[in-house]
Amino acid sequence: MTDVAVDIRELTRRFGALTAVSQLTLQIARGEVFGLLGPNGSGKTTTIRMLCGLLDPTSGGATVAGIDVSTAPERVKTRIGYMSQRFGLYEDLTVAENLQFYGGIYGLRGAAQATRLAELVAFLGLGDRMHQLAAQLSGGWKQRLALGCALLHQPPVLFLDEPTAGVDPAARRSFWSAIHDLARRGTTVLVTTHYMDEAERCDRLAMMSLGHLIALGSPAEVAQQVGGKTLEDAFIILQERDER
Amino acid sequence: MMTRLWPMVRKEFLQMRRDRLTLGLMFGVPVAQLLMFGFAIQTDVRHIPTVVVDESRTPASRDIIAALENTGSFRIVAHVDGRPALDAAFARGDAQAAIVIPNDYSRNVGRGSTATIQVIVDASDPLSSQSALAAAAGLGQARNLTILAAAAGRTSLPIDVRIRPRYNPGLRSPNYIVPGLVGLVLTMTMVLITAMAIVRERERGTLEQLIVTPITKTELMLGKIAPYIGVGLFQMTAVLILGRFVFDVPLVGSLWLLYGVSLVFIVVSLSLGLYISALVQTQQQAIQLSFFFMLPSILLSGFMFPRQAMPEFFQWLGLLLPITPFLEVLRGILLKGVGLEALWPQTLLLAGFAVGLITLAVRRFHKTLD
């Protein structure tokens, strides 16, 4: 299976007595837009953080773009882009300064950096905002800037942790079309979300509850597995089951 | 190697430039501290408000009162009648010293028997009473000698003790305080700024984004402290220039050596700040921990209070503070003009602190979230 971009095997993470992620196993194919669904506390963020090398797994493991996250977390970091739930860029720097900083951190210099920046600015439509402080951007623009910084080094795998929280519907729509653009060009995208319309736009989904995988497949298949007519039904059933 | 250091340093400078308040503090603090400590802090207490009870009221009694006032330690604020009035002046705080001359003073001086005068000092603050006590005792002794010598028919005293206060002939406080202030200002700003630096990124959520990049932790930490090395050198230069021109503090020794050792001390302070920031989770904790370190740096380092006067345990404790050897270096170079031949133990100790603290900070800091 050379076309597996993310290969997760029995991945487990405990925080003291709490098991945040338990025995998670799944594969994500190259170029796939893969959604991770589940209520708060179901282990989505912990999973993404382990895949990014930000948290060490307690047991089990994963490879991302062919690299083992437990043994070579720093090499994984050269092959992935990551957007955290919370805006993680510098609000006291301008859009251009944030992009230049991350360009430098990813080893882009001089003309190469300028070319790559111009590409991304055109792709994300950031042209008019370049000299605004990040703090003054709306949620939608912040999210685009964060995506830009995560894409500077053209990573084969992209991790997006609730990228559209607090973003208006129009911005969400254009963000998703950008995601599909990237996937068409071969980027693998793992995204967590609360929004059902976003979940519907994923190629495949995994639903998590209390750290376990409870359903896996296309949006329609997942809805069926959990026992709802629609994905939203499935999600509500899941949440009620969780709260019991 | 270290290819990501420059973007990191550049980013820190950009942020520093936009943070007006911190910028103001970084450059305002040394100036404010210098003026405060330089003008306000005088360890030699002079001109203590003094009341006089002169029951003798003779030329001889007026003469001894004038002599006491001329030592500069006493400033006569009132003549009062009797003990109750004196006690009241002490109680109200109007006077911190009193000179009492009994009515038989002049008679006893004339007769050649022992004449008594009394100098009473409010010693609730031992530091401020010291110079008054010393001045009174000294004056008494000098008077005795002159009278005895005259009685023995000598025109000169048998022994003449000549005192030469070396390195600070005027016994001026600023000469002692200002060099120390270089150490104190650097400790206060350098430790706190770097202690905040990484914690702030952690709190704002920017650290998470930064540590999913291939930046190495050495690049990250060096990038954090490098810009502040420049700030530290600027601060010490400001203190030295103001000290020279406002307080006339001499600058005797080698400037190269001074800046060289100061660079080591700046690195020590920055590393300590980094270590603190790797220990704590919030900016609040970083501030508290920095202050926990700050107070002993003022009290135990010899900045104001002589270490020789401390119990041995506290002298050793003081040596655990990097500022302690640095103060000795500062005063050695600035006031005595000595070089490495005399200051190598302190310099070596500082270098040891630098290596130790950098190692601690790098080992403590991890590029993960837990």
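Conventions we followed
- Residues numbered from 1 in each chain as written.
- Chains lettered and ligands numbered in written order.
- Predicted model: local features only at pLDDT ≥ 70, side-chain atom pairs only at ≥ 80, totals over all residues.
- Contact = placed C-beta atoms within 7 Å.
- Helix = DSSP H or I, 4+ residues; strand = E, 2+ residues; numbered from the N terminus.
- Nonpolar A, V, L, I, M, F, W, Y, C, P; charged D, E, K, R; others polar.
- Pairing = 2+ DSSP bridges.
- Axes fitted to C-alpha atoms, helices over the stretch in contact; angles between N-to-C directions.
- Buried ≥ 20, exposed ≤ 12 C-beta atoms within 10 Å, placed from the backbone.
- Expected span 1.5 Å × (residues − 1).
- Parallel < 35°, antiparallel > 145°, perpendicular 65-115°, else oblique.
- Left-handed = near helix turned anticlockwise from the far one by under 90°.

Observations concerning the interface of chain B and chain A
And step 1. At the interface, 21 residues of chain B touch 23 residues of chain A.
And step 2. Where the side of chain B that touches chain A is concerned, the elements lending two or more residues are helix 1 (5-18) and helix 8 (206-211) of chain B.
And step 3. Of the residues assigned to the side of chain B that touches chain A, the class counts are 8 nonpolar, 7 polar and 6 charged.

Things to note about the sheet that holds strand 2 (residues 74-79) of chain B
Residue and element names in this part refer to chain B.
And step 1. Spatially, 4 strands are ordered 2-1-3-4 in an open sheet, and the strand pairing comes out mixed. At either margin of the open sheet sits one strand with a lone partner, and together these are strand 2 and strand 4 (118-121). Each strand axis lies, on average, 30 degrees off the axis of its neighbour in the sheet, ignoring direction.
And step 2. Of the strand pairs in this sheet, strand 3 (residues 97-101) and strand 4 are connected by 4 bridges, and their pairing is antiparallel.

Re the sheet that holds strand 7 (residues 157-161) of chain A
Residues and elements named next belong to chain A.
And step 1. Strands sit in the order 6-7-8-3-9-10 across an open sheet of 6 strands; the sheet is mixed. Because the sheet does not close on itself, it has two edges, and the strands there are strand 6 (80-83) and strand 10 (212-217). The mean inter-strand angle of the sheet, taken between neighbouring strand axes irrespective of direction, is 15 degrees.
And step 2. Bridge analysis of strand 3 (residues 33-37) against strand 9 (residues 204-209) gives 4 bridges, and the strand direction is parallel. The residue bridging L37 from the neighbouring strand is M207, located in strand 9.
And step 3. Sheet strands in contact with helix 8 (residues 219-226) are strand 9 and strand 10, and its direction is about 130 degrees off that of strand 10.

Some thoughts on unusual backbone geometry
Residues and elements named next belong to chain A.
And step 1. Backbone geometry at Q23 places phi at a positive 50 degrees, although glycine is not the residue there.
And step 2. You can see Q23 is positioned in strand 2 (residues 18-29).
And step 3. The exposure class of Q23 is partly exposed, given the 14 C-beta atoms found within 10 Å.

As for helix 13 (residues 323-336) of chain B
Every α-helix carries 3.6 residues per turn, so stepping three or four residues along brings you back to the same face.
All names here are of chain B.
And step 1. Helix length check: helix 13, at 14 residues, gives a terminal C-alpha distance of 19 Å against a target of 20 Å (1.5 Å per residue), a fit within 8%.
And step 2. The element helix 13 is largely enclosed, with a buried count of 13 among its 14 residues.
And step 3. G337 lies just past helix 13 and shows a positive phi near 70 degrees.

Brief notes about the packing of helix 7 (residues 173-204) of chain B against helix 11 (residues 283-299) of chain B
Helix-helix packing: each pair is described by the crossing angle between the helix axes and the interaxial distance.
Residue and element names in this part refer to chain B.
And step 1. Interaxial distance between helix 7 and helix 11 falls to 9 Å at its minimum, and their mutual angle equals 165 degrees. Between helix 7 and helix 11, the angle is such that the two are roughly antiparallel. The chirality of how helix 7 crosses helix 11 is right-handed. Taking contact as the criterion, the partners of L184, T187, M188, V191, L192, A195, M196, V199, R200 and E203 in helix 7 are, on helix 11, Q283, A286, L289, S290, F293, M294, S297 and I298.
And step 2. The class makeup of the residues in the contact of helix 7 with helix 11 is 12 nonpolar, 4 polar and 2 charged.

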